[in-house]
Amino acid sequence: MAQAIRKVNVIGHLHPDSDSICSAMAYAYLKNQTGNTQYQARRAGTVSRETAFVLKHFGFDEPELITSVAPQIKDTDITKQPGISRNTSLLDAWNLMGELGSATLCVLDDAHKLLGLIAVKDIAHANMNILDDELLSKASTPISNVMSTLNAELLCGKQDDNITKGHVRVGTSPEMMDGVIEPGDIVLVTNRYETQSFAVSAKASCIIICNGAHASEVVLNAAKENNCCVLTTPYNTYAAARLVSMAIPVHAYMLPFDKTMRFSVNTTVDEAKKVMAKSPHRYFPVLDEEGIYQGVVSSSNLLNAKKKHVILVDHNERSQAVDGLEQAEIMEIIDHHRIGSIETSSPALFRNMPVGCTSTIIYQMYGEAGVEIPKNIAGLMMSAILSDTLAFRSPTCTPLDVAAGKALAEICGEDIPSYSDAMFDAGADLTGRTAEDVFNGDFKVFSRGKARFGVGQASFMTESSRKAAEALVGPYLQQGAESYELPMVFYLFTDVKSKTSDMMYWGQSKETIERIIEQAFDEKPVDGIAVLKGVVSRKKQIIPPLMNLLQDTENDDEE
């Protein structure tokens, strides 16, 4: 049977650029207009300043962050086990465990937040602690707990009161009780008037009359005067004495919150399995993002975790995708890059076109579906096209991109030259930014066979902003490469108006990487920079020659 789809995440690549974010949002909107399934745009990383400008300009918030699409606890069948209050008696907890077939219960407050955990072994421990006759008072046991545990009737006193001091005593006769009963004690008595009266006069806080017997009006009046609670239970003295300790509230024996192993609904199934393998417990509480109790899970709950359903936009390289992709169900891929390394477990719609921007493809899909494009969505797609094609200056730009960009500008009412200048200027602003921030702004990892490298790119409208970025990022290239465990990285600082890119680089062997650059681009680096005139497209002008050269080098090494 096909797995029910709860929600589909539409996700761009890691270190998202404007196309990655805008295409995800525009495509999610389109899908939500054409079906009943919920589609949600997500981002796989921090948005760039350029993208932040676009979102703010057209009135959007950033999409919610997603770092992994591996199954989470919320993708399992969480057992909806009821919780209990902190004042629930041990006996009631024990009985509920029997009804549920569970060895563990979760203790909750009035807001359904977890306070702790009570297990069978905790109740067994309490039941075996027969020598401690102050348990009821130490636990501040409610009178109502004693009533429910002993199936008792309240003859005098308040069931909302708590037992806060005293020992549990068995009163057999006044003679045996003399000198033993202290003020505040809880005394189990029989139907003898003398025994009941003596316990009350000795200032007992509660007397429990066994065998279903009652008290005389004289005893009850005396009890009222002495603030003594009077109960009658059908159990005999032996049974009542054994049972009364089970009236203790569970908070006295529960494992407290800070020592309770628990999971968030967002905990991955893999992580939960690791924790369970090391724990003696079988059931684990599950809390939502606000800390509200949702139920419990055991290892058996994790066996049939539902896969997350995803649509990938603007990438089809495994190295550029979120974690856990191999455990997700890829439904669609909409992209304009070379066909990469992502595999699917079942057939998926794959739409890949040699255009300058993913949003150009999505613009066509709106037309095919007959869905009207809202003004703000048109602004997103227009921005993505202008960003990816460098305002139609990139060699990746096709007539389809130009036509789509102009049509979308008409819908959203923007002037392309002035808007694109403002957008690129926003992206080039380095105020308050770190080298790491700029480096990761638009950085992608590529691989083919054993060859693995990274290429980043930043676009600038002015020479001064470009030079400032080079000075900031250049010294960071080695650290950036090491953070990704890459043998080499290349970074393009592109002057949009002159259609020229300064390529900075770092490699484990300076001689080797400079030879690669010279062979791939026929340009010898000078002082750590290769000036590549007419080069503005990473996808079309940088990746193919590097891939071919590094692949050839790998083949030569194998021979």
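Residues numbered from 1 in each chain as written. Predicted model: local features only at pLDDT ≥ 70, side-chain atom pairs only at ≥ 80, totals over all residues. Heavy atoms only, no water.

Going by an unreviewed UniProt entry, the protein carries the name inorganic diphosphatase and comes from Fannyhessea vaginae PB189-T1-4. As stated in UniProt under Catalytic activity (unreviewed entry), the record for the protein gives "diphosphate + H2O = 2 phosphate + H(+)". (UniProt positions renumbered as here; feature names shortened; annotations may be inferred.)

> How would you summarise the pairing of strand β5 (residues 104-108) if you had to cite specific residues and measurements?
The buried fraction of β5 amounts to five of the five residues, a majority that puts the element mostly inside the structure. Alternating residues of β5 divide into T104, C106 and L108 and L105 and V107, and every residue in both groups is buried. Across two bridges, strand β4 (residues 84-85) lies against β5 in parallel orientation. In the sheet register, I84 faces β5, and the bridge partner there is V107. (Buried < 20%, exposed > 50% of the residue type's maximum accessible area, 1.4 Å probe, protein only. Helix = DSSP H or I, 4+ residues; strand = E, 2+ residues; numbered from the N terminus. Pairing = 2+ DSSP bridges.)

> I'd like to hear about the pattern of salt bridges, residue by residue, with values.
Applying the stated criterion across every chain, the model contains 20 salt bridges. What you see here is one network of salt bridges that share partners, running through R466, K467, E470, D495 and D502. (Salt bridge = Lys/Arg side-chain N within 4 Å of Asp/Glu carboxyl O.)

> Please give an account of the environment of D110 that cites residues and values.
Turning to its location among the elements, D110 is positioned in the loop between β5 and β6 (114-119). Residue D110 is classed as exposed on the basis of its relative accessible area, which comes to 83%. Taking the C-alpha atoms as reference points, D110 and E50, separated by 60 residues in sequence, lie 46 Å from one another.

> With reference to specific residues and values, describe the packing of helix α3 (residues 90-100) against helix α4 (residues 120-128).
Running from amino to carboxyl end, α3 crosses α4 at an angle of 140°, the nearest separation of the two axes being 10 Å. The angle between α3 and α4 places the two elements in the oblique class. In the crossing of α3 with α4, the sense of the turn from one axis to the other is left-handed. In this structure, α3 contributes L90, A93, W94 and M97 to the contact, and α4 contributes V120, I123 and A126. Grouping the amino acids of the contact of α3 with α4 by side-chain chemistry returns seven nonpolar, no polar and no charged. (Axes fitted to C-alpha atoms, helices over the stretch in contact; angles between N-to-C directions. Parallel < 35°, antiparallel > 145°, perpendicular 65-115°, else oblique. Left-handed = near helix turned anticlockwise from the far one by under 90°. Contact = heavy atoms within 4.5 Å. Nonpolar A, V, L, I, M, F, W, Y, C, P; charged D, E, K, R; others polar.)

> Explain the nonpolar core to me, and be specific about the residues and the numbers.
V10, Y27, Y366, M381 and M382 are the most contacted members of the largest nonpolar core, which has 49 residues in total. When residues no more than four places from it in sequence are discounted, the contact partners of Y366 are A26, Y29, L30, V371, E372, I373, I377 and M381. Of all hydrophobic cores here, the second largest spans 35 residues; its members include A126, M147, M246 and V250. (Core = buried A, V, L, I, M, F, W, Y, C linked by side-chain atoms within 4.5 Å.)

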